[in-house]
Amino acid sequence: MTQTSPAQRRELPSTWNPADVEAELYQRWVDAGYFEADANSDRPPFSIVIPPPNVTGSLHIGHAFEHTLMDLLTRRRRMQGYEALWLPGMDHASIAVQALVERQLREEGIDHRELGREGFLERVWQWKEQHGGAILSQMRRLGDGVDWSRERFTMDAGLSRAVNTMFKRLYEDGLIYRAEQLVNWSPNMRTAISDIEVEHREVEGELVTMRYGDGDSALEVATTRVETMLGDTAVAVHPEDDRYRHLVGTEIELPLTGRTIPVIADEHVDPTFGSGAVKVTPAHDPNDFEIGRRHDLPMPTIMDEGGRIADTGTRFDGMDRFEAREAVREALREQGRIVAEKRPYVHSVGHSSRSKEPIEPRLSMQWFVRVGPLAKAAGDAVRDGRVEVHPPELAKRYFDWIDNLHDWAISRQMWWGHRIPIWYGPNGEVVCVGPDEEPPTGEGWHQDEDVLDTWFSSGLWPFSTMGWPDDTADLRKFYPTSVLVTGYDILFFWVARMMMLGLYGMSDRSPEEAVPFRRIALHGIVRDKHGKKMSKSSGNTVDPLQWIDTYGTDAVRFTLARGANPGADAPMSDEWVAGARSFVTKLFNATRFALGKDAFAPERLPDRAELTDADRWILDRCDALVTEVDELLEDFQFAKTVEALYHFTWDEFCDWYVELSKVQLDEGGRRAEHTRAVLGRVLDVLLRLLHPITPFVTEVLWTALTGRESVVVAEWPVPTGEPADAAAAGRIDALRRLVTEIRRFRADQGVKPNQRVAADLEGLETVGLVGHLPAVRSLARLDAPGEGFNASSSMRVGLADGEVTVGIDLSGAVDVAAERKRLTKDLEAARKELDGTEKKLNNPSFTEKAPAEVVDKIRSRRQTALAEIERLNTRLESLPES
RNA sequence: GGGCGCAUAGCUCAGCGGAAGAGCACCUGCCUUACAAGCAGGGGGUCGCUGGUUCGAUCCCAGCUGCGCCCA
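Residues numbered from 1 in each chain as written. Chains lettered and ligands numbered in written order. Predicted model: local features only at pLDDT ≥ 70, side-chain atom pairs only at ≥ 80, totals over all residues. Heavy atoms only, no water.

Moving on, we come to the pairing of strand β26 (residues 757-762). Sheet analysis places β26 next to strand β27 (residues 782-783), joined by two bridges and oriented parallel. Within β27, the position partnered with V757 by the bridge is L782. Handedness of the crossover joining β26 and β27 through helix α24 (residues 773-780) is recorded here as right-handed. One ladder, built from four bridges, connects β26 with strand β29 (residues 802-808); its direction is antiparallel. The partner of A759 across the bridge, within β29, is I808. (Pairing = 2+ DSSP bridges. Helix = DSSP H or I, 4+ residues; strand = E, 2+ residues; numbered from the N terminus. Right-handed = clockwise from strand over helix to strand, strands pointing away.)

Neighbouring residues of RNA strand B: 48 residues in total, closest K529, K586, K825, K849 and P851. Near-protein atoms of RNA strand B (within 4 Å) split between backbone and bases, with sugar and phosphate holding 67%. Residue W650 places a side-chain N or O atom 2.8 Å away from a phosphate oxygen belonging to RNA strand B. Here K752 contributes a side-chain N or O atom positioned 3.3 Å from a sugar or linking oxygen of RNA strand B. It is helix α18 (residues 574-596) that provides the largest number of residues to the surface near RNA strand B, a total of 10 residues. The residue inventory of the surface near RNA strand B, partitioned by class, reads 15 nonpolar, 11 polar and 22 charged. (Near = heavy atom within 4 Å. Polar contact = N/O pair within 3.5 Å; in protein donor to acceptor, adjacent residues only side chain to side chain. Nonpolar A, V, L, I, M, F, W, Y, C, P; charged D, E, K, R; others polar.)

With that out of the way, let us pick up the sheet that holds strand β8 (residues 219-223). With antiparallel pairing, the three strands of this open sheet are ordered in space as β8-β7-β13. Of all strands in the sheet, those with a lone pairing partner are β8 and β13 (338-352), marking the two edges. Ignoring which end each strand starts from, the neighbouring axes of this sheet average 25° apart. The pairing of strand β7 (residues 198-212) with β13 spans 12 bridges and is classified as antiparallel. From the neighbouring strand, G205 faces β13, where its bridge partner is Y345. Across the sheet, helix α8 (residues 321-334) is in contact with β7 and β13; its angle to β13 comes to roughly 165°. (Axes fitted to C-alpha atoms, helices over the stretch in contact; angles between N-to-C directions. Contact = heavy atoms within 4.5 Å.)

Turning our attention to the pairing of strand β2 (residues 83-87). Burial within β2 is extensive, with five of its five residues counted as buried. Because side chains alternate across β2, one face comprises the buried residues E83, L85 and L87, and the other comprises A84 and W86, equally buried. Of the crossover connections in this fold, the one passing from strand β1 (residues 45-49) over helix α2 (residues 61-79) to the parallel β2 is right-handed. (Buried < 20%, exposed > 50% of the residue type's maximum accessible area, 1.4 Å probe, protein only.)

With that settled, the discussion passes to helix α20 (residues 638-667). The terminal C-alpha atoms of α20, which comprises 30 residues, lie 40 Å apart, in line with the 44 Å expected from a rise of 1.5 Å per residue. Downstream of α20 by one or two residues, G668 has phi in the positive range, about 70°. (Expected span 1.5 Å × (residues − 1).)

Within this structure, the stated rule accounts for zero disulfides. Residue C622 stays outside any disulfide, its sulfur separated by 12 Å from that of C654, the closest cysteine. (Disulfide = S-S within 2.5 Å.)

With respect to topology, three strands assemble into an open sheet ordered β15-β23-β22, the strand pairing being parallel. Every other strand in the sheet has two partners, leaving β15 (388-390) and β22 (481-487) as the edge strands with one partner each. Recorded for the sheet is a direction-independent mean angle of 20° between the axes of neighbouring strands. Here three bridges tie β15 to strand β23 (residues 517-523), and the two strands are oriented parallel to one another. Along β23, the bridge assignment pairs E388 with R519. Contacting β22 and β23, helix α14 (residues 491-505) crosses the sheet at an angle of about 160° to β22.

We now examine the packing of α2 against helix α19 (residues 613-634). For the pair α2 and α19, the least separation of the axes is 12 Å and the interaxial angle reads 125°. Relative to α19, the element α2 is oriented oblique. Note that α2 runs across α19; the crossing there is left-handed. The residues of α19 that touch α2, namely those facing L72, L73, R76 and R77, are D630, L633 and E634. (Parallel < 35°, antiparallel > 145°, perpendicular 65-115°, else oblique. Left-handed = near helix turned anticlockwise from the far one by under 90°.)

Along the polypeptide, S275 turns up in the loop between β11 (259-265) and β12 (277-280). Classification of S275 as buried rests on a relative accessible area of 18%. For S275, the side chain forms a polar contact with the main-chain oxygen of E220, separated by 2.4 Å. At a separation of 3.2 Å, a polar atom in the side chain of S275 contacts the main-chain amide nitrogen of A277. Those residues in contact with S275 that sit more than four places away from it in its chain are E220, V221, R243 and Y244.

Turning next to the packing of aromatic side chains. Inspection of every chain in the model, using the stated rule, returns 22 aromatic pairs. Ring centres 6.0 Å apart and planes at 85° place the aromatic pair F463 and Y479 in the edge-to-face group. With F463 in helix α12 (residues 461-464) and Y479 in the loop between α13 (473-478) and β22, the pair connects residues that are 16 residues apart, well separated along the chain. Per residue, the accessibility class of F463 equals that of Y479, and both read buried. Centroid distance F558 to F583: 4.6 Å. Interplanar angle 20°. Geometry classified as stacked. (Phe/Tyr/Trp six-rings, centres within 6.5 Å; stacked < 30°, edge-to-face > 60°.)

This paragraph deals with the confidence of the model for chain A. For chain A, the average pLDDT comes to 91, and 98% of its residues sit at 70 or higher. With pLDDT under 50 throughout, residues 1-8 is counted as low confidence; its partners more than four residues away or in other chains account for 16 contacts. Across the interfaces of the predicted complex, the ipTM metric reaches 0.94, alongside a pTM of 0.91. (pLDDT = per-residue confidence, 0-100.)

Judged by nonpolar contacts, the single largest core of 211 residues is most densely connected at F167, F456, F653, L738 and I742. Per-element tally for this core: the top contributor is α20, with 13 residues. Those residues in contact with I742, other than ones at most four positions away along the chain, are L761, V776, A780, L782, M795, V806 and I808. If you look at the next biggest cluster of nonpolar residues, it comprises 28 residues, including V235, V237, A327 and L332. (Core = buried A, V, L, I, M, F, W, Y, C linked by side-chain atoms within 4.5 Å.)

Under the counting rule described, the total for this entry stands at 73 salt bridges. The closest approach of N and O atoms between R113 and D111, which form a salt bridge, is 3.3 Å. Of the residues examined, R113 reaches a relative accessible area of 52% and is grouped as exposed. The salt bridge involving R329 is made with E206; its shortest N-O contact spans 3.0 Å. Residue R329 is found in helix α8, and its partner E206 is found in strand β7; the two are separated by 123 residues along the sequence. Judged by relative accessible area, which is 12%, R329 ranks as buried. Given the relative accessible area of 7%, E206 is considered buried. When salt bridges that share partners are traced, they join E206, R329, E330, R333, E341 and R343 into one network. (Salt bridge = Lys/Arg side-chain N within 4 Å of Asp/Glu carboxyl O.)

With that settled, the discussion passes to the packing of helix α21 (residues 669-690) against helix α22 (residues 695-706). In helix packing, the relevant descriptors are the interaxial angle and the interaxial distance, both defined with respect to the helix axes. Here α21 crosses α22 at 150°, and the two axes come no closer than 10 Å. Accordingly, the angle class assigned to the pair α21 and α22 is roughly antiparallel. Our pair here, α21 against α22, has a crossing hand that is left-handed. Contacts from G680, L683, D684, L687, R688 and L690 in α21 reach T698, L701, W702, L705 and T706 in α22. For the contact of α21 with α22, a count of residues per class yields six nonpolar, three polar and two charged.

For residues other than glycine, phi is negative in most cases, and the peptide bonds are mostly trans. Across the junction of R343 and P344, the peptide omega takes the value 0°, indicating a cis bond. By secondary structure assignment, the location of P344 is in strand β13. At the junction of H390 and P391, the peptide bond is cis and its omega measures out at -5° in the coordinates. Position of P391 among the secondary structure elements: in the loop between β15 and α10 (393-402). With phi around 45°, A93 is a residue other than glycine that occupies positive phi space.

Structure below.
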């Protein structure tokens, strides 16, 4: 047995003030290089890439949540001896940053277009250096054990090279193409966005029905966007619709434009909706676009990039789309062409998830990724188990989505981002220029003006950050990453893109090794304490940094981990963080107590035979805890892990073992010495288990306890393999029940918790608690019966192996009514139990069909109930009349 | 419109075929030398509704109601 010499010990402060030590501890960890991974080590790899936060972002509660889980997983693996890498970084957020810097420039009175592309980008980089990445310093406050030496940014040279390489490969494989297509257009940002960046929201608009043509050939069509009529090139009806059959093939006058348009028949028209005739605006509506294609209709674009009516040759040109909506409607009204108006008319409208404005379907030339083969491979990787989705229920959602994916619009009409590496020649040449190639020079050559969707570079994140396309030591060691921790809300945006591009980019590897991650741990979003989504508009957002200031990082992390059920949302409130702080304080105080009693972390425990029931019980429980925590964490059951640790720490270790240890310490000698070892061992294990969740307090306590360097690099506990001592556990269980019953009796009788009363205990030998008499007396605050002892009241406690009679000297002040009430209540419960069990046992189908062990269990419960009733009745009868 | 999920103690959530659980909140009593950010004790639920399967249903199945999410 070795012992930490007092000299090695670090002193604990008398109270725990996280703010005093957190920053210093974190810096110490970074300086010591604990978080830096070595690609050349022999240890088995464990790697996580951070879901890159937006360079404009600051730490919000969702980051804190996700980071806590990742840090927890990484710290545990590090302690388990893995070469653990948690790779940090940010993405460049093309649209958000461009908007931000454009706005800044406007405030200075500068139009970014005047500045030119180069000048503008200079300003963006300037902004990035000065204000970008606030989140990185905030991550330190959370205690994130990331490898700062590997920090990455999607616009870094290396990652840009990866983007360029990927583009070129896809292009040459025919998986990237350019086409004029209807895309989701953001007039505010003047760019195309992809399908997933569109959110559908119910809005109150109007449904206007208008009449095209006149007399017999008139048709009524309805729309929520009247202004689009300026771009109509047909009216469509169902081919089987008898009402309109005679009109098909004729031309009809399109009001306000001086044009006539054909009436066509198309099977996709729903004859039961409205009048059964629909206006067709191919350049501004997805369904109409399809109709236009089928019928080879002209597709005039009637809006400019900013959402203003253009090129219609009408007086509406130049009007904003919403202004035009009213103006066109009123113009039609003047002509008596408005047939009906429904207002408000609630319908679903696509909005840009970035700028929040209604998107405008717009025909334009864009670059697309042909997702077919990529999506198939991405689906298969999950289908054949190379990538596990946790919780598995969410895999279905992944399949539903990835198996029905549309081609991905990747060009953005922006300057900030990876410029599309395509050069156009004077004679219509199109050349894709790879990263190490020289672009064509000469008259008339120019590069595509657009940049790539930010998700394109984020999709390469798991390998571009490790040096791809080069064959690097990092890639060899850490790819595929071990687990991806992210929100289910981003499954489509990001996870699917990494799957597609990862499998494609790494296709020179075996299918098993090409996947970007082996497991996907999905979490939900953080909600408020009423389960409401946090949002600025409802004013229920919280600032994790403010919580850290108030309660300490450990408390915040503990709360977040405690709320993390697989795939489920996590409700959060400051009351719960306060509760977590109490836990941290409890742990601190318990350790302080132990150290005050000279507890130490022994290398070897004393021989089991030398230990008490209490020692063996708590050590066995501790062993079971290690197993439980391991099992839960392998399954990403964070909430249950925290629950198990909380319960053990508070309800078993602090409430019982620490109290029992006081009795043992009082005995002195070898008993006290062994108790110090057990206290130290349990704390040693417990602090290590808790470290990934609450890194700061455990670091302080564990180094104080052990005198060793840091718990960050301590070994993760493993079960001892010692068989649990069931007999000891049974006796401790009996002890706890006996003590609780006595406390209950005392409370009923109005005896103050701190008041010692004389009591006589009979029957301890039958329940195996003779040796525990001092403990019972200590925990139940009983004195040995002395001179003139008079058991004015007595109680019988039924335990597994018998019963104990406790005679208590209450100096005559017996509250008979309270006692009667209690006994009556217990009696009622016992009778109910008897009824229930007898009913079952009297049912022949039950005794015949139920498994034998269940029947036995019910029989024994009936026996217990009978004994209990007998005991309570005897006691009730013996009570004096009140 | 299509799909998925959830309804369990005042609140937030576990449990998911054989005795209703936790945290917080609540009530009572305690500053008992680790801890009042604490200790001891206590109250509180026909497990959304209606049927069905089963010896037995909070748990499985069907329908209904009410919420939530995703997609169009």
